[in-house]
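The residues making up each chain are set out below.
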Amino acid sequence: MYCFILVNIENLSLMYIICRQSLRHYKREKYIQSNKTIMNVLLPPDEVRGMTVFKIDKFTKPVTVPVIVINKNYVESANKVLKNYIIKLNNFKPIRNGSNDSEYVFYLDPAKFSSCEDLNLTFVSAENLKYVQIEVGYNNWNHDEILKAVLPEKSMLSSYSAIGSIVHVNLKSELLGYKNIIGRVLNDKLKGCKSVVNKIDNINNVYRNFEYEVIYGSSDLKTTVKENKCLFDLDFSEVYWNPRLCTEHERILHKLKSGDILYDVFAGIGPFSVPAAKLGCIVIANDLNPNSCKWLEINKKKNRIKNELLTIINKDGSKFIQEDLKTHYILWSKKITLETNIHVTMNLPAIAVDFVKYFNNLFEWEEIPNHSLPILHVYTFVKTDKNYEEGLKLIMEEYFSNIKDDDIQEIIRVRNVAPNKEMVRITFQMRKDLLCKSESIKKRKLNEIKIECDVKKSKDDSKYL
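Residues numbered from 1 in each chain as written. Predicted model: local features only at pLDDT ≥ 70, side-chain atom pairs only at ≥ 80, totals over all residues. Heavy atoms only, no water.

1. Thoughts on the overall build of the protein
Here's step 1: When you go through the protein residue by residue, the secondary structure sums to eleven helices and 17 strands.
Here's step 2: Relative to its 465 residues, the protein shows a buried fraction of 42%.
Here's step 3: Look at the contacts in the protein between residues 6 or more apart in sequence, and 68% of them connect residues 24 or more apart.
Here's step 4: Here the protein displays about 26,600 Å² of accessible surface, and carbon together with sulfur accounts for 51% of that area. (Helix = DSSP H or I, 4+ residues; strand = E, 2+ residues; numbered from the N terminus. Buried < 20%, exposed > 50% of the residue type's maximum accessible area, 1.4 Å probe, protein only. Contact = heavy atoms within 4.5 Å. Areas by Shrake-Rupley, 256 points an atom, 1.4 Å probe, with all protein chains shown as cover.)

So this is what it looks like as structure tokens:
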């Protein structure tokens, strides 16, 4: 009997606990939904979702917000507290003059403010509070807020790049129907933007730039960018520029000092070459694209680089290595000291690894010194379908099998370029036995043996003198 009663008491207690938890959950859900509604008050209206033809008036809506009237003698004290509650919208002034000279009006965000008691200000009471209607619209929101309201919730614009006055986007197929809206919003909202371009094809031509379309603004894509204390003029329709490589450019520049030599095999418009020459390095810059060389020459003059510090060449990278780099290095090898570093940048990640082979057997053994051998900075793409380590291992085995672990100075993961694809830099010291022809090595060893034999013979002959 007692056992039966105890079981029922336990059941009643359990039911009571369940009811309390359900009620608490209900209240929490109701509060969350209510708070979401309040938070959405100052965001663009739901009606703009899916808009493909831009209509600025569709963004305008009336909103009722709380305002607190403060005597001007207490404005400074009030502002210390109310600054956390005021409305923060573009082109909206949340603190304004009141109806007379002795008052100021604070416009508060309804999602943050609930009652005067929460403010803990002795000079503020319910009498100071009232509700007014304001009008918000397109000019009150930034590009991110506008696009989040317009585009499909599962297909947002992930990122964009700013190249001077040009904004570059890579639109997914599901966003192409919204490209005019995206272009208009970015052009309106991003300071200094005059053109918005969308990449419509991968980099697949001989000059390694991509096809694009201007989705809003001017079709004149000439602009100026600043990087590493240098100015670069360019025409984005003719040459390639990626602002996301600024940090990597800087990493390489930190390895250079005045008097070093830099061979820039795929120079582009000069993000390595121009600042390196400005630093005092001897730079030989090459690019296959004649337009890149044209703008590199313009940027050389723009940054007041002396002719003796920067030489510009226009040819295929393999020919540049086998002809110009080889000739220049042999010539300068007679002048360089132990303190001189020789750097070779090969920033064309899609194909740069294919050009490393042109350094093999490039010289005769006697043509170059034993010190100050070239340091190569080779960029490539690593597929990370399985994992990064496995992808890197495949690259190293295929293209760098003759490079010893001790030769590698660093391997840097530069940036993610796509799902399962990373841009990587492999920096390593070239060895003389790789740079020089095998017959030269054989000849050198024979000479060493001959010298040893001559020395030994000379010692033997001296015994009989």
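2. Here's the deal with the nonpolar core
Here's step 1: Counting residues in hydrophobic clusters, the biggest one holds 78 residues, and the most contacted among them are Y263, M346, F359, L376, V378, F400 and F428.
Here's step 2: Top contributing element to this core by residue count: helix α8 (residues 317–332), with five residues.
Here's step 3: Once residues lying within four places of it in the same chain are set aside, the contact partners of F359 are I321, L325, V344, M346, L376, M430, L434 and L435.
Here's step 4: If you look at the next biggest cluster of nonpolar residues, it comprises 36 residues, including V48, V136, Y138 and A149. (Core = buried A, V, L, I, M, F, W, Y, C linked by side-chain atoms within 4.5 Å.)

3. Points about the sheet that holds strand β15 (residues 375–383)
Hydrogen bonds between backbone groups are what pair the strands of a sheet, and the pairing can be parallel or antiparallel.
Here's step 1: Across the sheet, which stays open at both edges, the seven strands sit in the order β13-β12-β11-β14-β15-β17-β16 with mixed pairing between neighbours. A single partner strand is all that each edge strand has here, and the edge strands are β13 (310–313) and β16 (408–418). Neighbour to neighbour, the strand axes of the sheet diverge by 15 degrees on average, direction disregarded. (Pairing = 2+ DSSP bridges. Axes fitted to C-alpha atoms, helices over the stretch in contact; angles between N-to-C directions.)

4. Details of unusual backbone geometry
Here's step 1: The phi dihedral of K229 falls on the positive side, at around 65 degrees, and the residue is not glycine.
Here's step 2: With respect to the element layout, K229 can be found in the loop between β9 (222–227) and β10 (230–235).
Here's step 3: Given the relative accessible area of 75%, K229 is considered exposed.
Here's step 4: Of note in the backbone geometry, N361 takes a positive phi value of approximately 55 degrees without being a glycine.
Here's step 5: Here N361 shows up in the loop between β14 (342–346) and β15.
Here's step 6: You can call N361 partly exposed: its relative accessible area is 39%.

5. Re the pattern of salt bridges
For side chains bearing opposite charge, pairing can occur when the charged atoms are close.
Here's step 1: Using the criterion set out here, one finds 18 salt bridges in the structure.
Here's step 2: Among the ionic pairs, K315 bridges to E323, the shortest N-O distance being 2.8 Å.
Here's step 3: Overall, the relative accessible area of 36% leaves E323 in the partly exposed class.
Here's step 4: For K315, the salt bridge is made with D324, and the minimal N-O distance between the two is 2.8 Å.
Here's step 5: Within the structure, one salt-bridge network assembled from shared partners comprises E248, R251, K255, E410 and R425. (Salt bridge = Lys/Arg side-chain N within 4 Å of Asp/Glu carboxyl O.)

6. Details of the side chain of K300
Here's step 1: Checked against the element boundaries, K300 lands in helix α7 (residues 290–302).
Here's step 2: It is E297 that comes nearest to the buried, bridge-free K300 among opposite-charge side chains, at 4.3 Å.
Here's step 3: A polar contact is formed between the side chain of K300 and the side chain of N307, at a distance of 2.9 Å. (Lys, Arg positive; Asp, Glu negative; His and termini not counted. Polar contact = N/O pair within 3.5 Å; in protein donor to acceptor, adjacent residues only side chain to side chain.)

7. Overview of the pairing of strand β6 (residues 166–169)
Here's step 1: Every second residue of β6 is oriented toward a common face, with I166 and H168 on one face and V167 and V169 on the other, all of them buried.
Here's step 2: Counting the residues in the hairpin turn of strand β5 (residues 161–163) and β6 gives two residues, including G164, whose phi is positive at 60 degrees.
Here's step 3: Sheet topology note: the β6/strand β7 (residues 195–199) ladder contains four bridges and is parallel. Bridging from a neighbouring strand, V169 pairs with N198 of β7.
Here's step 4: As for the winding sense of the linkage, the β-α-β connection from β6 through helix α4 (residues 179–189) to β7 is right-handed. (Right-handed = clockwise from strand over helix to strand, strands pointing away.)

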